[in-house]
Amino acid sequence: MPARPPAWTASLRPGYADLLELDWGVSIIDWAGERLVERPAGISRHEVRFVTSAGGVCAVKQLPLEAARREHRLLRLLEDAGGPAVAAVGLVERAGVDPGSELAALVVTRFAEQSFPYRHLLSGPGFGSHRGQLLDAVALLLVELHLLGFYWGDCSLSNVLYRYDADAIETIMVDAETTSAYPALSHGQRGQDIEIMVENVGGEMGDLAAASGIGLDAADLGMGEEIAVRYRALWTELAAEWIVPSGQEYRITERVHRLNELGFEVDEIEAAQHRERDHLHFRVRVGGRGFNSNRLRLLTGLQAGENQARQLLADLAYFTRRQGPAGAGQGPGMGRAVSAVRWRAEALEPVLARITPEHGGRDALQAYCDLLHHRYLVSAAAGRDVGTQAALESWLAQGRPGYRI
């Protein structure tokens, strides 16, 4: 008589109750049916399947009990802190199964749409024009996690999903099994996390070289060290104490504006005057990296990546300048709100309606950002502003060139 499937318990977020219809009593390796879908996935030490749900496509990872509980808890903490990680949807535990077995539990996360593993950035044996973007993106991801007090413990290119974000790449943490949360990280903890990243990335580059048929001497083994250099520079800019001579306090405002340009919200400014040396010590406490995306959402209701939002806000300003005054009798706030509504209705939506069936499943806002970059290039070549419509015709005629090419 065949063994009975184990009983199970599930904890799911609202909107995902239809996941209870899945056969949680058997290994996900044996799952079948129309709810299984394919999505780009990196290398994982555990089995992962993708399923459809009313709440969106979900990734289901099968792993030992304590590892699953830990990952689910840390992902929820990261989400609460506004961290750059996939969102935990649920935790399923199988009863009567060895807790150390891979079959003991499952973590369900929401798949980050339009994302892909790092190998999709390859251009021949290396990363081509995407290499610098990749270095910046991974360094920024580590900085964001460390600022929030999260020690990763296993940072690698494989444990990250990537998504195009205008002229940059957005990184999303997908593996939190080894992560720990603290009120703040020490210099030693951050250093150890960086050392692990350097070693992991070096190993991945060695594997990549072997798979590409090139010798180890030609492998990009220094990539991890370059990420570390960029990490340290960014950490200094965000977390260091600065000294401002008396009478030059405007530099504090400049520092805040610089951090906003990087996409970081500034939660607090700490300052202390040193009267004997006639200068001021100050430090800024940054929050999440969503300054531009928050502004765009409040103005237009659009949800976009941070760099996408920066470009879309610039296009809103471009549209407003070309339209002239918003109208008599309107205050500055009302004029801004009206301009945002008109920009979305008259500039953005008509273009999206035209390019959405054209862009082959790509993120529509990313395609619009590609168009904005093309408008800049053709305007610079012409020595004048050619306008969005002419740039759109040129962009379509040239095969919709974009940053990913």
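As shown above, the structure is provided for reference.
Note that this is a predicted model, so its numbers are computed, not measured.

## What about the packing of helix H3 (residues 187–212) against helix H4 (residues 223–239)?
Line of reasoning, step 1. With their axes 7 Å apart at the nearest point, H3 and H4 run at an angle of 150° to one another. Compared by their axis directions, H3 and H4 come out roughly antiparallel. For the element pair H3 and H4, the recorded crossing hand is right-handed. Only Met 223, Gly 224, Glu 225, Ile 227, Ala 228, Tyr 231, Arg 232 and Trp 235 of H4 make contact with H3, whose side of the interface consists of Arg 190, Ile 194, Met 197, Val 198, Val 201 and Met 205.
Line of reasoning, step 2. Partitioning the contact of H3 with H4 into residue classes produces 10 nonpolar, 1 polar and 3 charged.

## Focus on H3
Line of reasoning, step 1. For H3, which comprises 26 residues, the first-to-last C-alpha distance of 37 Å matches the rise-based estimate of 38 Å (1.5 Å per residue) to within 8%.
Line of reasoning, step 2. Positive backbone phi, approximately 75°, marks Gly 213, located one or two places after H3.

## A word on the packing of aromatic side chains
Line of reasoning, step 1. Within this structure, the stated rule accounts for 5 aromatic pairs.
Line of reasoning, step 2. Between Phe 116 and Tyr 164, the aromatic rings sit 5.1 Å apart at their centres with planes inclined by 45°, giving tilted as the arrangement. Here Phe 116 is found in the loop between strand E6 (105–110) and helix H2 (131–147), whereas its partner Tyr 164 is found in strand E8 (residues 160–165), with 48 residues between them in sequence. With respect to class, Phe 116 is no different from Tyr 164; both count as buried.
Line of reasoning, step 3. Its end group placed over the ring of Tyr 318, Arg 375 keeps NZ or CZ at 3.8 Å from the ring centre.

## Thoughts on the nonpolar core
Line of reasoning, step 1. Counting 54 residues, the largest nonpolar core has Leu 157, Tyr 162, Met 197 and Met 223 as the members making the most contacts within it.
Line of reasoning, step 2. Among the elements of the structure, helix H1 (65–80), H2, E8, strand E9 (168–173), H3 and H4 are those that each provide at least two residues to this core.
Line of reasoning, step 3. For Met 197, the residues in contact, after removing those within four places along its chain, are Leu 142, Cys 155, Gly 224, Ile 227 and Ala 228.
Line of reasoning, step 4. Leu 302, Trp 343, Leu 352 and Leu 396 belong to the second largest nonpolar core, which has 26 residues in total.

## What to know about the pairing of strand E4 (residues 58–63)
Line of reasoning, step 1. Counting buried positions over the 6 residues of E4 gives 6, a clear majority of the element.
Line of reasoning, step 2. Of the two faces of E4, the one lined by Cys 58, Val 60 and Gln 62 and the one lined by Ala 59, Lys 61 and Leu 63 are each fully buried.
Line of reasoning, step 3. Where strand E3 (residues 47–51) lies against E4, 5 bridges are found, and the strand directions are antiparallel. Paired with Glu 47 across the two strands is Gln 62, which belongs to E4.
Line of reasoning, step 4. Hairpin connection, E3 to E4: the antiparallel pair is bridged by 6 residues, and Gly 56 has positive phi, about 120°.
Line of reasoning, step 5. Inspection of the sheet shows E4 paired to E6 by 6 bridges, in the antiparallel sense. Looking at E6, one finds that Cys 58 is bridged to Arg 110.

## Focus on the environment of Thr 171
Line of reasoning, step 1. As for its placement among the helices and strands, Thr 171 is situated in strand E9.
Line of reasoning, step 2. Between the alpha carbons of Thr 171 and Phe 116 there is a distance of 9.9 Å; along the sequence they are 55 residues apart.
Line of reasoning, step 3. With sequence-adjacent residues up to four places away left out, Thr 171 is seen in contact with Pro 84, Ala 137, Val 138, Leu 141, Val 160, Leu 161 and Tyr 162.
Line of reasoning, step 4. Within the local environment of Thr 171, its side chain forms a polar contact with the backbone oxygen of Ala 137, the two atoms lying 3.0 Å apart.

## Some remarks on the packing of helix H9 (residues 364–382) against helix H10 (residues 388–397)
Line of reasoning, step 1. Contact pair H9 / H10: the axes reach a minimum separation of 9 Å and the direction vectors enclose 105°. Between H9 and H10, the angle falls in the class roughly perpendicular. Touching Ala 367, Asp 370, Leu 371, His 374, Arg 375 and Val 378 of H9 are Thr 388, Ala 391, Leu 392, Ser 394 and Trp 395, all from H10.

## Things to note about the pattern of salt bridges
Line of reasoning, step 1. Scanning the model with the defined rule gives 21 salt bridges in all.
Line of reasoning, step 2. Between Arg 35 and Glu 21 there is a salt bridge, with the nearest N and O atoms lying 3.1 Å from each other. Placement of Arg 35 in the loop between strand E1 (8–12) and strand E2 (36–37) and of Glu 21 in the loop between E1 and E2 is noted, with a sequence separation of 14 residues between them.
Line of reasoning, step 3. Assessed through its relative accessible area of 19%, Arg 35 is described here as buried.
Line of reasoning, step 4. The exposed category is assigned to Glu 21, whose relative accessible area is 62%.
Line of reasoning, step 5. Here Glu 346 ties to Arg 342 by a salt bridge, and the two come within 3.1 Å at their closest N and O atoms.

## Digging into unusual backbone geometry
Line of reasoning, step 1. Backbone geometry places Gln 114, a non-glycine residue, at a positive phi of 70°.
Line of reasoning, step 2. With respect to the helices, strands and loops of the structure, Gln 114 is situated in the loop between E6 and H2.
Line of reasoning, step 3. Judged by relative accessible area, which is 35%, Gln 114 ranks as partly exposed.
Line of reasoning, step 4. One non-glycine residue, Arg 400, lies in the positive phi region at around 55°.
Line of reasoning, step 5. In this structure, Arg 400 sits in the segment after H10.
Line of reasoning, step 6. Arg 400 sits in the partly exposed class, given a relative accessible area of 25%.

## Regarding the side chain of Arg 190
Line of reasoning, step 1. As for its position among the elements, Arg 190 is in helix H3.
Line of reasoning, step 2. Within the buried core, Arg 190 has no salt-bridge partner, and the shortest N-O distance to an opposite charge, that of Asp 193, equals 9.2 Å.
Line of reasoning, step 3. In this structure, Arg 190 is in contact with His 146, Leu 185, Tyr 231 and Trp 235, ignoring residues within four places of it in sequence.

## What to know about the sheet that holds E1
Each strand in a sheet pairs with another by means of backbone hydrogen bonds, the pair being arranged parallel or else antiparallel.
Line of reasoning, step 1. Taken in spatial order, the 6 strands make up an open sheet running E1-E5-E6-E4-E3-E2, and their pairing is antiparallel. Lying at the two open borders of the sheet, with one neighbouring strand each, are E1 and E2.

Conventions used here
Residues numbered from 1 in each chain as written. Predicted model: local features only at pLDDT ≥ 70, side-chain atom pairs only at ≥ 80, totals over all residues. Heavy atoms only, no water. Axes fitted to C-alpha atoms, helices over the stretch in contact; angles between N-to-C directions. Helix = DSSP H or I, 4+ residues; strand = E, 2+ residues; numbered from the N terminus. Parallel < 35°, antiparallel > 145°, perpendicular 65-115°, else oblique. Left-handed = near helix turned anticlockwise from the far one by under 90°. Contact = heavy atoms within 4.5 Å. Nonpolar A, V, L, I, M, F, W, Y, C, P; charged D, E, K, R; others polar. Expected span 1.5 Å × (residues − 1). Phe/Tyr/Trp six-rings, centres within 6.5 Å; stacked < 30°, edge-to-face > 60°. Buried < 20%, exposed > 50% of the residue type's maximum accessible area, 1.4 Å probe, protein only. Lys NZ or Arg CZ within 6 Å of the ring centre and 35° of its normal. Core = buried A, V, L, I, M, F, W, Y, C linked by side-chain atoms within 4.5 Å. Pairing = 2+ DSSP bridges. Polar contact = N/O pair within 3.5 Å; in protein donor to acceptor, adjacent residues only side chain to side chain. Salt bridge = Lys/Arg side-chain N within 4 Å of Asp/Glu carboxyl O. Lys, Arg positive; Asp, Glu negative; His and termini not counted.

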